[in-house]
Amino acid sequence: MTVSEKLNQSIRDIPDFPKPGIIFKDITPVLSNPSLVKEIVDWFAEKAKEQDIDVIVGVESRGFLFGMLIAERLGIPFVPVRKEGKLPYKTVKHAYSLEYGSASMEIHEDALKPGQRVMIHDDLLATGGTAEAAAILVEKLGAVACNFTFLIELGFLEGRLKLKSHNESIHSIVSF
Ligand SMILES: O=P(O)(O)OC[C@H]1O[C@H](OP(=O)(O)OP(=O)(O)O)[C@H](O)[C@@H]1O
Ligand SMILES: Nc1ncnc2[nH]cnc12
């Protein structure tokens, strides 16, 4: 079985969470499967190598899970993008909307150096607002959003279209 087939079988659909009408893609069963976790990290690490990435930027909260593992695997830094008010040092901020609400994201102002090649990672691409906010924060610090990686893409929400103006290199392991 391919990593995509294995991941597809491990995702649990939770209807009406966190709001009526949303089918939530629960990845916690994936986290309980260490051999699948390793294959997934391998898959993302390959995408990072293809683009000569210097830094992994992971998006709160589920983007931290694999983002940190990918960075550790490659021996490169991990930088968190967090929801407003969570990062302790000076930040730059960007407000955006998502599938079930709105939010504002922040990054530490000294987290990236100008010109650094960044891979933006999250568990899931829905409307693309969150990943685009991360790309805008990366660009505000003068770094380069070289690619985007996700475990899951909800293709029908067309988040990809939002990200394309930042970079066309957008990779998801499974798409619905
Ligand atoms: O493409 P978008 O429409 O912006 O949506 C995708 C975002 O939504 C989810 O996070 P959520 O807001 O549930 O936060 P959490 O990871 O902290 O639970 C998901 O993990 C992405 O970060
Ligand atoms: N349907 C969904 N499942 C999990 N995370 C999400 N983030 C936005 N939409 C989501």
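See the structure above.
Residues numbered from 1 in each chain as written. Chains lettered and ligands numbered in written order. Predicted model: local features only at pLDDT ≥ 70, side-chain atom pairs only at ≥ 80, totals over all residues. Heavy atoms only, no water.

Caption draft 1: Seen up close, unusual backbone geometry. With an omega of -5 degrees, the peptide bond running from Phe-17 to Pro-18 counts as cis. Tracing the backbone shows Pro-18 in the loop between strand 1 (12-15) and strand 2 (23-26). In this chain, Glu-60 is followed by Ser-61 through a cis amide linkage whose omega measures -15 degrees. For Ser-61, the position within the fold is in the loop between strand 3 (55-59) and helix 4 (63-74). (Helix = DSSP H or I, 4+ residues; strand = E, 2+ residues; numbered from the N terminus.)

Caption draft 2: Molecular detail of the site of ligand 1. Surveying the vicinity of ligand 1 reveals 15 residues, the closest of which are Lys-83, Asp-122, Asp-123, Thr-127 and Thr-130. A distance of 2.9 Å separates an oxygen atom of ligand 1 from a polar side-chain atom of Arg-62. Gly-129 places a main-chain nitrogen or oxygen 3.4 Å from an oxygen atom of ligand 1. Against a free-state accessible area of 500 Å², the protein chains account for coverage of 88% of ligand 1. Elements with a contribution of two residues or more to the shell around ligand 1: strand 7 (117-125) and helix 5 (129-140). The greatest single-element share of the shell around ligand 1, amounting to three residues, is contributed by strand 7. In the shell around ligand 1, the residues fall into four nonpolar, five polar and six charged. (Near = heavy atom within 4 Å. Polar contact = N/O pair within 3.5 Å; in protein donor to acceptor, adjacent residues only side chain to side chain. Areas by Shrake-Rupley, 256 points an atom, 1.4 Å probe, with all protein chains shown as cover. Nonpolar A, V, L, I, M, F, W, Y, C, P; charged D, E, K, R; others polar.)

Caption draft 3: The arrangement of the packing of helix 3 (residues 34-50) against helix 4 in detail. At a minimum axis distance of 9 Å, the contact between helix 3 and helix 4 shows a crossing angle of 65 degrees. Regarding the angle of helix 3 to helix 4, the classification is roughly perpendicular. Remark: the crossing between helix 3 and helix 4 carries right-handed chirality. Here Val-37, Lys-38, Ile-40, Val-41, Asp-42, Phe-44, Ala-45, Ala-48 and Lys-49 of helix 3 lie close against helix 4, whose contacting residues are Phe-66, Leu-69, Ile-70, Arg-73 and Leu-74. When grouped by side-chain class, the residues that make up the contact of helix 3 with helix 4 number 10 nonpolar, no polar and four charged. (Axes fitted to C-alpha atoms, helices over the stretch in contact; angles between N-to-C directions. Parallel < 35°, antiparallel > 145°, perpendicular 65-115°, else oblique. Left-handed = near helix turned anticlockwise from the far one by under 90°. Contact = heavy atoms within 4.5 Å.)

Caption draft 4: Summary view of the pairing of strand 8 (residues 144-153). Along strand 8, nine of the 10 residues are buried, which leaves the element largely enclosed by surrounding structure. Sheet topology note: the strand 7/strand 8 ladder contains eight bridges and is parallel. Looking across to strand 8, one finds that His-121 is bridged to Thr-149. Traced from strand 7 through helix 5 to strand 8, the parallel crossover comes out right-handed. Summarising the sheet, strand 8 and strand 9 (residues 170-175) pair through five bridges and their orientation is parallel. (Buried < 20%, exposed > 50% of the residue type's maximum accessible area, 1.4 Å probe, protein only. Pairing = 2+ DSSP bridges. Right-handed = clockwise from strand over helix to strand, strands pointing away.)

Caption draft 5: Main features of the nonpolar core. Counting residues in each nonpolar core, the largest one holds 26 residues, and the members touching the most others are Leu-7, Ile-40, Ile-56 and Phe-66. Listing elements by their share of this core, those giving two or more residues are helix 1 (3-10), helix 3, helix 4, strand 8 and strand 9. When near neighbours in sequence (up to four residues on either side) are disregarded, Phe-66 contacts Val-30, Leu-31, Val-37, Ile-40, Val-41, His-121 and Leu-151. Grouped together as the second largest cluster of nonpolar side chains are 25 residues, Val-81, Leu-125, Leu-137 and Ala-145 included. (Core = buried A, V, L, I, M, F, W, Y, C linked by side-chain atoms within 4.5 Å.)

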